[in-house]
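Reading the structure
In case you want the letters, here they are:
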Amino acid sequence: MNNIAEQITRLKKEKNAIILAHYYAPPEVQDIADHLGDSLALSQLAAKTEADMIVFGGVHFMAETAAILCPDKTVLSPAPDAGCSLADSVETARLAKWREEHPDGIVVSYVNTTAAVKALTDWCCTSANAVKVVESLPEGHPILFGPDKNLGRHIMQVTGRKMELWDGVCKVHDVITSQAVTDALEKYPDADILIHPECECSGDKSLIENGRILFASTAGMLRHVAASPKKTFVVATESDIIHELKKKNPEKVFIPIVPGMCCDEMKKVTLENILESLETGKGRVVLDETLRSRALLPIQRMLAL
Ligand code: 13P
Ligand code: SF4
């Protein structure tokens, strides 16, 4: 173990802290995390941990979600400027206006949103449970889904439900078109193609129906690979998930669908700023209590489903 990792381990013990990290965090951050997970698993872990302190190895909205769930804990965001093109795309004033104009409307927001947006939301969802959340909604109400229009189109295809979509995208995943997937199917005839539903191609019915393609959250991809007899997988999501895929499946082969699918925001979390946060408390997420308790409702609904 190198020196910085040793210092992190010692401080974690002293402060009864845990490190939660997403699969897109840099590999060295993944390696020192107590738990790795997709957005859903990380929310569930934050909700039930007995630690006094959570250090979040991910972008800021993830740490903020943990702080909404854990008012009695100290939640640290080592890179508080680590943003997300989805979370940045929603103006709360426009969302509030939609609510006013649709008194019987239902707002479903992806977890990649700010606390202020969650406070205007009826149901939260992640890529792992978005279909289930939308299927559970009562018929006959207008639904606004945001901010990821690619995930929204995917849910509409799978559930047959009509929704109004916010015009947001993940800048990392939006580059993956149906053509890129068709090319991969041809180039790697023995491989399964793992696609995150934030990709541009996610509303393409022919891809959804293709038996060699799996649309899934990051954790869904890991489960599929572990259970599959196949040897080769084309990966259409942020490329550092391959670190964990390889660790868990050393005998299998993982090919990024395009080179350089990298979320620069996730890479802002480093061992150095994790250590600094643990030492000084830098990056503590502090939320107004009225906002926090309102933002909690859609997350609790999701977790109870
Ligand atoms: P999941 O891990 O929930 O699939 O989310 C992907 C993502 O883009 C997080 O920012
Ligand atoms: Fe946001 Fe996309 Fe980065 Fe995830 S990969 S944090 S959705 S910009």
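Residues numbered from 1 in each chain as written. Chains lettered and ligands numbered in written order. Predicted model: local features only at pLDDT ≥ 70, side-chain atom pairs only at ≥ 80, totals over all residues. Heavy atoms only, no water.

Re the site of ligand 2
Threshold: The nearness test applies per residue and asks whether one of its heavy atoms lies within 4 Å of the molecule or strand. Only Asp, Glu, Lys and Arg are considered charged in this grouping, and only Ala, Val, Leu, Ile, Met, Phe, Trp, Tyr, Cys and Pro are considered nonpolar; every other residue, Gly among them, is considered polar.
The full set of residues close to ligand 2 is Tyr24, Val59, Cys84, Ser85, Leu86, Asn112, Cys170, His173, Glu198, Cys263 and Met266. Here the residues of the shell around ligand 2 sort into 7 nonpolar, 3 polar and 1 charged.

A closer look at the pattern of salt bridges
Opposite charge on two side chains permits them to pair, given that their charged atoms come into close proximity. Selection criterion: Salt bridges are defined as contacts in which a side-chain nitrogen from Lys or Arg sits within 4 Å of a carboxyl oxygen from Asp or Glu. By the criteria applied, helices consist of DSSP H or I runs no shorter than four residues and strands consist of E runs no shorter than two, each listed in order from the N terminus. Burial status follows relative accessibility: with a 1.4 Å probe on protein chains alone, a residue under 20% of its type maximum counts as buried, one over 50% as exposed, and anything between as partly exposed.
Summed over all chains, the structure comprises 17 salt bridges. The closest approach of N and O atoms between Lys230 and Asp192, which form a salt bridge, is 2.8 Å. Of this pair, Lys230 sits in the loop between helix H11 (218-227) and strand S11 (232-236) while Asp192 sits in strand S9 (residues 192-195), placing them 38 residues apart in sequence. Overall, Asp192 belongs to the buried group, its relative accessible area being 7%. The structure contains a network of salt bridges with shared partners spanning Asp81, Glu265 and Lys268.

Details of helix H13 (residues 271-280)
Defined as follows: Contact criterion: two residues are considered in contact whenever any of their non-hydrogen atoms come within 4.5 Å of each other.
Within H13, the full set of buried residues consists of Leu271, Asn273, Ile274, Leu275, Ser277 and Leu278. Contacts from the buried residues of H13 go to helix H1 (3-14), strand S1 (17-22), helix H2 (27-32), strand S3 (53-57) and strand S4 (74-76). Just past H13, the residue Gly281 takes up positive phi, approximately 80°.

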